[in-house]
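Coordinate inspection notes
The lines below spell out each chain.
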Amino acid sequence: MRRSKAFIPTTKEAPSDATLPSHIFLSRAGFITQVAAGLYNYLPLAKRVIKKIENIINEEMTKVGAQEVELSFVTPAELWQESGRIEKFGKELLRFHDRKNNLFVLGPTHEEMMVDVVRNRVTSYKNLPLNLYQIKTKFRDEARPRFGLMRGREFIMQDAYSFHATAEDLDREFDAMEAVYKKILTRMGLDFRVVEADSGAIGGSGSKELMVLAESGEDTIAVCSKCEYGANIEAASRSKRSNIPEAPEASFNKFKTPEIKTIDELAEFFKIDPYYTVKCVAKKIIYEDASEIVLFFVRGCDNLQEVKAINATEALDIVDVTEEELKERGLVPGFIGPLDQDKAKHVIDSDLKDATNLICGANEADYHFIGVDLSVLSNAAYFADIAEVNEGDICPHCDGELSFTKGIEVGHIFKLGTTYSKALKAEFLDENGKAQPFIMGTYGMGVSRLVAAVVEQHHDENGCIWTKETAPYMVNIMISNIKDEAQVQAGEQLYKQLQDANVEVMLDDRKERFGFKMKDAELIGFPYTIVIGKELQNGHVQIFDRATKEKRDIKSEEIFDKIT
Ligand code: ATP
Ligand code: MG
Ligand code: MG
Ligand code: MG
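Residues numbered from 1 in each chain as written. Chains lettered and ligands numbered in written order. Predicted model: local features only at pLDDT ≥ 70, side-chain atom pairs only at ≥ 80, totals over all residues.

Under an unreviewed UniProt entry, the name given to the chain is Proline--tRNA ligase, and the organism recorded is Sulfurimonas sediminis. Heading Subunit (unreviewed entry) of the UniProt record for the chain holds this comment: "Homodimer." (UniProt positions renumbered as here; feature names shortened; annotations may be inferred.)

Okay, here's the thing in structure tokens:
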């Protein structure tokens, strides 16, 4: 590609709401433009990066026998009614009617559709296992789309669904998919951790997330200093909690509830919008005698961090419970955070709807939590227990210590079991001719989020630093003085040679100042820039390595060795 012809609208200014490097640089370097909140256009450079990632995914998925399909983006609401997720998904699910007044949703994920594709088409155990995947636009009407491609409303996901006759076979595939996802991220040049995740209210047992390590990550993960163990904070807490002695008897008569075991019962009892509950793990409704308090984790709650940080004293004010009373109940106010009440209220107003009464405290077993007074809520009930795992805690699997780090969730693999196949009555005949629901796994990877994740992990103050497997172009040839005929000729010749050798190359043939072009190249982040300058007389060009910033004069013939 000739830079003089390329559509790469670079700018000096970043969008005013951009705070993350990936958002800033992808915008400034002309990869993306924003359409509306959470909606982006991918310009040529972004499109190339996306294709790179997609190719890697396709190659690795094909190796393990997964087959690519493409399902309709618009999905009939009936399927979502069948699975019961139409309510659970809540406002993230964009619904609309067609001209005949049929209700549809824009697919935020495709479990229902995929089960529908397979049911009545795969009818025998002989045709199992089956793994079908797609790379496709998804739509989730995120409450707070932000950070550019990191949390869009429209985004690209690779989503795979596997169907099995036995639980053991699902286990095998789950492990295989974990290996595939690791391979993909490794090939992309990313530093990541696979962490245990809560499997949440969707049901199922195993769940792991793939976290790209980056300071800007929205997730906190606990990692072991000695072994491979890693867990997102919720899962780490859960794992620790199972070792903690029972909480002292607390008596919150005010919060008396019947024994609630499932999300549905919970939703029913509190008359809450199940949208919120689906994101929660009712699991471990902590105090074993759940007649007292219902606590549950908030999964995927964008503002968990903020909710956690509500100042305990202020929370006490709001809820009108004195410190004494808390103590009587076996709770001590424990958690003081930097957030002011207004902000807390804002979080509550927007996220927790009618939740206004809060209680915050920590019991003697060091269960810090903050929650919402359930008895007074009409629509939402939130409890998030927090801080159960601390840095320095001993790892559950060895004597190493846990430390916290930040991660970007780029992938999520999940043993679904029969939740969807049962709900949608998708069955096969087993060896004995008996009808059985498919045992399923689901695997998702955020392709567009990965574009941002690469930049989050690989950038400096001047711009993006693409890894070799993700770079939109591997080499940028820069003719430093466009009026110098010899330089132009050498540049053109090298451009042709590299193209012939299938190296993805850009020729910066613009009549601009050298300094300007160099800044531009750094902003875009080509792994290598070859500067054709004065040293050409001596048969030398300069190679600039974007990652190391090393500049070296080399002979033109050596270029191939350097860049491959
Ligand atoms: P998050 O916790 O960040 O909201 P999620 O757990 O809701 O993500 P999944 O349902 O597990 O997401 O979807 C699979 C993958 O799709 C995620 O691991 C992530 O990489 C990607 N993804 C999810 N939501 C978005 C989004 N709004 N924008 C970009 N990528 C996303
Ligand atoms: Mg998540
Ligand atoms: Mg989400
Ligand atoms: Mg997830």
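Don't stop here, the text continues.
The secondary structure content of the chain amounts to 18 helices and 29 strands. Among the 564 residues that make up the chain, the fraction classed as buried is 46%. Put simply, 69% of the contacts in the chain that link residues at least 6 apart link residues at least 24 apart. (Helix = DSSP H or I, 4+ residues; strand = E, 2+ residues; numbered from the N terminus. Buried ≥ 20, exposed ≤ 12 C-beta atoms within 10 Å, placed from the backbone. Contact = placed C-beta atoms within 7 Å.)

Here the focus is the packing of helix α1 (residues 21–28) against helix α15 (residues 447–457). Between α1 and α15, the shortest axis-to-axis distance is 8 Å and the interhelical angle comes to 105°. Taken together, the axes of α1 and α15 are roughly perpendicular relative to one another. On the side of α1, the interface is formed by P21, S22, F25 and L26, while α15 contributes A452, V455 and E456. Taken together, the residues of the contact of α1 with α15 break down into five nonpolar, one polar and one charged. (Axes fitted to C-alpha atoms, helices over the stretch in contact; angles between N-to-C directions. Parallel < 35°, antiparallel > 145°, perpendicular 65-115°, else oblique. Nonpolar A, V, L, I, M, F, W, Y, C, P; charged D, E, K, R; others polar.)

What follows concerns the environment of I86. Structurally, I86 can be placed in helix α4 (residues 85–88). In sequence terms I86 and V105 are 19 residues apart; their C-alpha atoms lie 9.0 Å from each other. With near-sequence residues (within four places) excluded, I86 lies in contact with A77, W80, Q81 and L93.

Another point: the packing of helix α2 (residues 44–63) against α15. Relative orientation of the contacting elements α2 and α15 amounts to 110°, with a least axis distance of 10 Å. Of the possible angle classes, the one that applies to α2 and α15 is roughly perpendicular. Two secondary-structure elements touch here, α2 through A46, V49, I50, I53 and E54 and α15 through V447, S448, L450 and V451. A class-by-class count of the residues in the contact of α2 with α15 yields seven nonpolar, one polar and one charged.

A word on α2. With 20 residues, α2 extends 29 Å between its outermost C-alpha atoms, agreeing within 8% with the 28 Å of an ideal straight helix rising 1.5 Å per residue. Within α2, the full set of buried residues consists of L45, A46, V49, I50, K52, I53, I57 and M61. The buried residues of α2 occupy an angular sector of 160° when the element is viewed end-on, so they sit on one face. Within α2, the exposed residues directed more than 90 degrees away from the buried face are N55, E59, T62 and K63. (Expected span 1.5 Å × (residues − 1). Arc of directions from axis to C-beta.)

Let's shift gears to the site of ligand 1. Looking at ligand 1, there are 16 residues lining it, with F155, H412, G444, G446 and R449 nearest. Where the shell around ligand 1 is concerned, the elements lending two or more residues are β8 (154–164), β19 (402–417), β22 (439–446) and α15. Take the shell around ligand 1: its biggest share by element is four residues, from β19. Among the residues forming the shell around ligand 1, the class breakdown is three nonpolar, eight polar and five charged. (Near = placed C-beta within 6 Å.)

Further remarks concern the sheet that holds strand β4 (residues 74–76). The sheet built from three strands is open, its strands ordered β4-β6-β5 with antiparallel pairing. Each of the sheet's edge strands pairs with one partner strand only, and the pair in question is β4 and β5 (95–97). Direction aside, the axes of adjacent strands within the sheet are offset by 40° on average. (Pairing = 2+ DSSP bridges.)

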